[in-house]
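Summary of structural features
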Amino acid sequence: MTDTKMKSQGRRKLADTFMKDALREATPWRSRADLAFEALYLYALSSLAEHAEDYEHPDAQALHAAAHQLGLTLEQIEPALTYLAHRYDPAIPDNGHDYRVLIGIAKLFEASR
């Protein structure tokens, strides 16, 4: 097995774990949103295979590239791009209200196996 294949599988396995945690109802909403984003980002990187190394992470361009490769539209991934842009912005607090849409996007990337 190649190093690239092992990294892709490792990212997918980690993404599966994040998805499982994001779906756990006992987890606070903000944490669930963060976990959903991490899962979708790792699924995206997994789909990029060796090209995942072309980016400084987290990188919106990696999401664009993965979406393009999988046939997803900008409209479908826009909430993830917005979440990434404002994730650490103290002026825009997030109580996890993006959780449901992030889980939906994560499931789109997850289905790309």
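Scroll up to find the structure this text is about.
So, here is what we can say about the structure in this document. Note that the structure is a prediction, hence the values are computed from the model and not measured.

**Overview of the overall build of the protein chain**
A tally of helices and strands in the protein chain yields five helices and zero strands. Mapped in sequence order, the helices and strands of the protein chain form the string α-α-α-α-α. Whereas a compact globule of 113 residues would reach a radius of gyration of roughly 13 Å, the protein chain reaches 13 Å, a difference of no more than 12%. Sequence separation of 24 or more characterises 62% of the internal contacts of the protein chain that already satisfy a separation of 6 or more. Carbon and sulfur atoms make up 55% of the accessible area of the protein chain, which amounts to about 6,500 Å² in all. Placing the 13 positive and 17 negative side-chain charges of the protein chain at their respective mean positions leaves the two points 9 Å apart.

**A closer look at the side chain of Ser8**
Relative to the elements of secondary structure, Ser8 occurs in helix H1 (residues 3–22). Residue classification places Ser8 among the buried residues on the basis of a relative accessible area of 10%. Once you skip the residues sitting within four places of it in the chain, Ser8 turns out to touch Ser46 and Ala49.

**So, unusual backbone geometry**
In this structure, the amide linkage connecting His57 to the following residue, Pro58, adopts the cis form with an omega of -5°. Checked against the element boundaries, Pro58 lands in the loop between helix H2 (29–48) and helix H3 (60–70).

**Structural notes on the packing of aromatic side chains**
When we look at a pair of aromatic rings, we describe it by the centre distance and by the angle of the planes. Under the definition given, this model contains three aromatic pairs. Note on Phe37 and Tyr83: the rings are 5.7 Å apart at their centroids and 35° apart in plane angle, and the pair reads as tilted. Pair noted here: Phe37 is in helix H2 and Tyr83 is in helix H4 (residues 74–86), with a separation of 46 residues, a long-range link. One exposure class covers both Phe37 and Tyr83, and it is buried. One aromatic cluster is present, built from ring pairs that chain together Phe37, Tyr41 and Tyr83. The aromatic ring of Trp29 is capped on one face by Arg32, whose charged end is 4.6 Å from the ring centroid.

**Quick look at the pattern of salt bridges**
Enumeration over the complete set of coordinates arrives at seven salt bridges. The closest approach of N and O atoms between Lys7 and Asp3, which form a salt bridge, is 3.9 Å. Taken together, the positions of Lys7 and Asp3, both in helix H1 and four residues apart, correspond to about one turn of that helix. One salt bridge in this structure joins Lys7 and Glu53, with 3.7 Å as the shortest N-O distance.

**With respect to H2**
For H2, with 20 residues, the first-to-last C-alpha span of 29 Å sits near the 28 Å given by 1.5 Å per residue. Buried residues dominate H2, accounting for 16 of its 20 residues. Where H2 ends, the next residue or the one after it, Ala49, has phi of about 50°, a positive value.

Calculation rules
- Residues numbered from 1 in each chain as written.
- Predicted model: local features only at pLDDT ≥ 70, side-chain atom pairs only at ≥ 80, totals over all residues.
- Heavy atoms only, no water.
- Helix = DSSP H or I, 4+ residues; strand = E, 2+ residues; numbered from the N terminus.
- Rg over C-alpha atoms; globule rule 2.2 N^0.38 Å.
- Contact = heavy atoms within 4.5 Å.
- Areas by Shrake-Rupley, 256 points an atom, 1.4 Å probe, with all protein chains shown as cover.
- Lys, Arg positive; Asp, Glu negative; His and termini not counted.
- Charge placed at Lys NZ, Arg CZ, Asp CG, Glu CD.
- Buried < 20%, exposed > 50% of the residue type's maximum accessible area, 1.4 Å probe, protein only.
- Phe/Tyr/Trp six-rings, centres within 6.5 Å; stacked < 30°, edge-to-face > 60°.
- Lys NZ or Arg CZ within 6 Å of the ring centre and 35° of its normal.
- Salt bridge = Lys/Arg side-chain N within 4 Å of Asp/Glu carboxyl O.
- Expected span 1.5 Å × (residues − 1).

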